[in-house]
Amino acid sequence: MSTSLPDEDRYCLTLACRSARGQVATVTALLERHGAYIEEFAVFDDVLSERFYVRAVFRVRGAAARNIDALRAGYAAALSGFADAEGAIHDTRRPARVLIMVSKADHCLHDLLAQRRRGELDMDVVAVVSNHADLAAVAAAEGVPFHHFPITPETKLQQEAQVLNCIREYGAELVVLARYMQVLSEDMCRALAGRVVNIHHSFLPGFKGARPYVQAHARGVKLIGATAHFATTDLDEGPIIEQALERVDHAFGPEQLLSTGRHVECLVLGRAIRYVLEHRVFINGLRTVVLR
């Protein structure tokens, strides 16, 4: 959410590149030359992968705001001087276009839409896509288009083609699997690499299958958790963005575990999406860097 003054524009600069000297100086000097006021600046140097990460939030006003394209051109030139560099300057006034995928469970969808309505998640939910029709009314109540694409083992490829077409038509930049109970194919994961966030109903690694809380109860677990991660071709093995745990005990039945799990899932997914929307998350191989 932008907190700029009326005559100011607010942006977020991101950088990921091979570690080398002078990178902070290059970025800050560039922003200074273009009249930027830096209000947040976070860096991380991963000595294991020799990768360097930067997130800077800055404000510009007057002539500097009108010449933001010159700043972007200067940043593109600076990136060419860094090895294996990726970076961008994001306009914080423009909400990201997000497509949410669901099945029958409604708790994560309700929570994301409520956070959007309250202004806690700065995103434009362009559509809700589901393999079931159960949650059409939830989307309709929020004025969000709903698309029902049924799926069977025989029609999986055709259904995924419909989903990909929907993502393209809406210009969705981020896809959220809000308890979408289907495994994405390898082709779909590759097509959407780094753009799909999934919520998993356990603190990974955990209980597999459709009834994890019954299994958890049978094993007498003492902690209930959830994990938000990027979807990859390896099921539930993608880079982890956020995790949380809630303590339980022997008195919790399967339904109480389920209720606790739903709460933690909503909490973790909401945090993960906020980190992504605020350009805090960088994929670093099998891990993530989250510049809070």
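Anyway, here's the lowdown on the structure attached to this text. Only a predicted model underlies this, so the values are computations on that prediction, with no experimental measurement involved. (Residues numbered from 1 in each chain as written. Predicted model: local features only at pLDDT ≥ 70, side-chain atom pairs only at ≥ 80, totals over all residues. Heavy atoms only, no water.)

**Structural notes on the environment of D106**
The line we're drawing: Note on conventions: DSSP H or I runs of at least 4 residues are helices, E runs of at least 2 residues are strands, and numbering of each starts at the N terminus.
With respect to the helices and strands, D106 occurs in the loop between β5 (96-102) and α4 (107-118). Each C-alpha atom, one on D106 and one on L135, is 6.9 Å from the other, the two residues being 29 residues apart in sequence.

**Some words on the nonpolar core**
Our working definition: By nonpolar core is meant a set of buried Ala, Val, Leu, Ile, Met, Phe, Trp, Tyr and Cys residues that side-chain atoms within 4.5 Å join together. Think of it in three bands: residues with accessible area under 20% of the maximum for their type are buried, residues over 50% are exposed, and the middle band is partly exposed, with areas taken using a 1.4 Å probe on protein chains only. We call two residues in contact whenever any of their non-hydrogen atoms come within 4.5 Å of each other.
Core analysis: the largest hydrophobic core is formed by 38 residues, its most contacted members being I100, L112, V176, L269 and I273. Among the elements that make up this core, the one with the highest residue count is helix α9 (residues 254-277) (nine residues). Beyond its immediate stretch of four places on either side in the chain, I273 contacts L112, L121, M123, L174, V176 and V197. Within the second largest apolar cluster, 21 residues are counted, among which are Y11, L15, V54 and L71.

**As for the pairing of strand β1 (residues 8-18)**
Inclusion rule: Strands were regarded as paired on the criterion that DSSP finds at least two bridges between them.
The element β1 is extensively covered by neighbouring structure, given that 10 of its 11 residues are classed as buried. Relative to strand β3 (residues 51-61), β1 runs antiparallel, the two sharing 11 bridges. In the strand pairing of β3, A16 is matched with Y53.

**Some remarks on the packing of helix α1 (residues 23-33) against helix α3 (residues 68-79)**
Heads up, the rule is: To obtain each axis, a line is fitted to C-alpha atoms, and for helices this fit is confined to the stretch in contact; angles are then taken between N-to-C directions over 0 to 180 degrees. Working rule for angles: under 35 degrees goes down as roughly parallel, over 145 as roughly antiparallel, 65 to 115 as roughly perpendicular, anything else as oblique. Two helices cross in a left-handed way if the nearer one is turned anticlockwise from the farther one by less than a right angle. They cross in a right-handed way if the turn is clockwise. Ten residues, namely Ala, Val, Leu, Ile, Met, Phe, Trp, Tyr, Cys and Pro, are considered nonpolar, four, namely Asp, Glu, Lys and Arg, are considered charged, and the remaining ones, Gly among them, are considered polar.
Interhelical geometry of α1 versus α3 gives an angle of 160° and a closest axis separation of 10 Å. Between α1 and α3, the interaxial angle falls into the category roughly antiparallel. Between α1 and α3 the crossing geometry is right-handed. Where α1 abuts α3, its residues T26, L30 and L31 lie against L71, G74, Y75 and A78. Here the residues of the contact of α1 with α3 are counted per class, giving five nonpolar, two polar and no charged.

**Some points on the pattern of salt bridges**
Rules: Salt bridges are identified by distance alone: a Lys or Arg side-chain nitrogen within 4 Å of an Asp or Glu carboxyl oxygen.
One pass over the structure, following the stated rule, counts 23 salt bridges. Between R190 and E186 there is a salt bridge, and its shortest N-O distance comes to 3.1 Å. In this pair, R190 and E186 are both assigned in helix α7 (residues 186-191), four residues apart and thus about one turn of the helix distant. Take E186: its relative accessible area is 44%, and that puts it in the partly exposed class. The salt bridge involving E242 is made with R271; its shortest N-O contact spans 3.1 Å. Of this pair, E242 sits in strand β11 (residues 240-247) while R271 sits in helix α9, placing them 29 residues apart in sequence. On the accessibility criterion, E242 (8% relative accessible area) is buried. Given the relative accessible area of 30%, R271 is considered partly exposed. A cluster of three or more residues bridged by salt bridges with shared partners is formed by E8, R10, E39, E40, R55, R59, R274, E278 and R280.

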